[in-house]
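Tertiary structure, described
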Amino acid sequence: MNSILKQDLDNFENILEKTKQQGIDFLNDIENIPTSNTYTINPKTALNELGLGSIEALREFNERLAPLMVSSPGPRYWGFVTGGSTPASIVGDWLASIYDQNTQAVKAQGGASALIEFETINLLSAAVRSSGHIFRRICDRRYHVKLYISWCCQTMVW
């Protein structure tokens, strides 16, 4: 096994804890983070052929890329909004990454996680077909729908 990957696997709980805490710190400070900035980077950074490992990648993100981030999950962001992170969507993103399914079938040996995609499609179809009143109720429950959507977006086979 690659030594960097092995080190990350051996230290995985600590890596996730650092990442979780960074996310919590960002979201807790969202009111103080600008909604726009002029920070820039050179997008032609050379790829490290051996890999950095998670802690080093997080350090590089914090030094180079985090200053590019704006408070788009917050209430003051009025830019092009494609959604917004909610606690449930973050859970969905984490679970989709952790379970990392190769979704292929609804009836098969080895996994039928494609059923989650069908359920998501049905939920979204129902929301679109519904009257305004029911649609608003579904939107109020967007946390649950977004959990499904996050899962599906990361597990779909394109």
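Not measured: the values here are computed from a predicted model. (Residues numbered from 1 in each chain as written. Predicted model: local features only at pLDDT ≥ 70, side-chain atom pairs only at ≥ 80, totals over all residues. Heavy atoms only, no water.)

**Some points on the overall build of the protein chain**
Short version of the rule: Counting from the N terminus, the helices are the DSSP runs of H or I reaching at least four residues and the strands are the DSSP runs of E reaching at least two. Here's how the labels work: a residue is buried when its accessible area is under 20% of the maximum for its type, exposed when over 50%, partly exposed in between, all with a 1.4 Å probe on protein chains only.
Scanning the protein chain for helices and strands turns up 7 helices and 0 strands. When the helices and strands of the protein chain are listed from N to C terminus, the series reads α-α-α-α-α-α-α. Burial statistics for the protein chain: of 158 residues in total, 16% are counted as buried.

**Some thoughts on unusual backbone geometry**
Non-glycine residue aspartate 100 carries a positive phi angle of around 40°. Along the chain, the position of aspartate 100 falls in the loop between α4 (87-99) and α5 (114-129).

**Let's talk about the packing of helix α2 (residues 12-28) against helix α3 (residues 54-65)**
A pair of packed helices is captured by two measures, namely the crossing angle of their axes and the spacing between those axes. The line we're drawing: Angular values range over 0 to 180 degrees, each being the angle between N-to-C directions of two axes fitted as lines to C-alpha atoms, with helices fitted over their stretch in contact. For this classification, under 35 degrees means roughly parallel, over 145 means roughly antiparallel, 65 to 115 means roughly perpendicular, and everything else is oblique. For any pair of crossing helices, the crossing counts as left-handed if the nearer helix is rotated counterclockwise from the farther one by less than a right angle, and right-handed if it is rotated clockwise. In this analysis, two residues are considered to be in contact whenever any of their non-hydrogen atoms come within 4.5 Å of each other. Three residue categories are used. Nonpolar comprises Ala, Val, Leu, Ile, Met, Phe, Trp, Tyr, Cys and Pro, charged comprises Asp, Glu, Lys and Arg, and polar comprises the others, including Gly.
Viewed as axis vectors pointing N to C, α2 and α3 meet at an angle of 20°, and their least axial separation amounts to 10 Å. Considering their axes alone, α2 and α3 lie roughly parallel with respect to each other. Relative to α3, α2 is oriented so that their crossing is left-handed. Contacts from Ile15, Lys18, Thr19 and Gln22 in α2 reach Ser54, Ile55, Leu58, Phe61 and Asn62 in α3. Of the residues contributing to the contact of α2 with α3, the split by class is 4 nonpolar, 4 polar and 1 charged.

**Comments concerning the confidence of the model for the protein chain**
Here is the rule we go by: Per-residue confidence from the predictor is reported as pLDDT, a score between 0 and 100.
Scored by pLDDT, the protein chain comes out at a mean of 77, with 75% of its residues at no less than 70. Low pLDDT, under 50, characterises residues 137-145; the predicted model gives this stretch 8 contacts beyond four residues in sequence or across chains. This stretch, residues 154-158, has a pLDDT under 50; its non-local contacts, to residues over four places away or in other chains, come to 11 contacts.

**Thoughts on the pattern of salt bridges**
To keep it simple, the criterion reads: Salt-bridge detection follows one rule: a side-chain nitrogen of Lys or Arg within 4 Å of a carboxyl oxygen of Asp or Glu.
One pass over the full model with this rule turns up 5 salt bridges. Residues glutamate 17 and lysine 20 are paired through a salt bridge, measuring 3.3 Å at the closest nitrogen-oxygen approach. Placement of the pair is glutamate 17 and lysine 20 together in helix α2, with a separation of 3 residues, close to one helical turn. Here the residues in one salt-bridge network are Glu56, Arg59 and Glu63, joined through shared partners.

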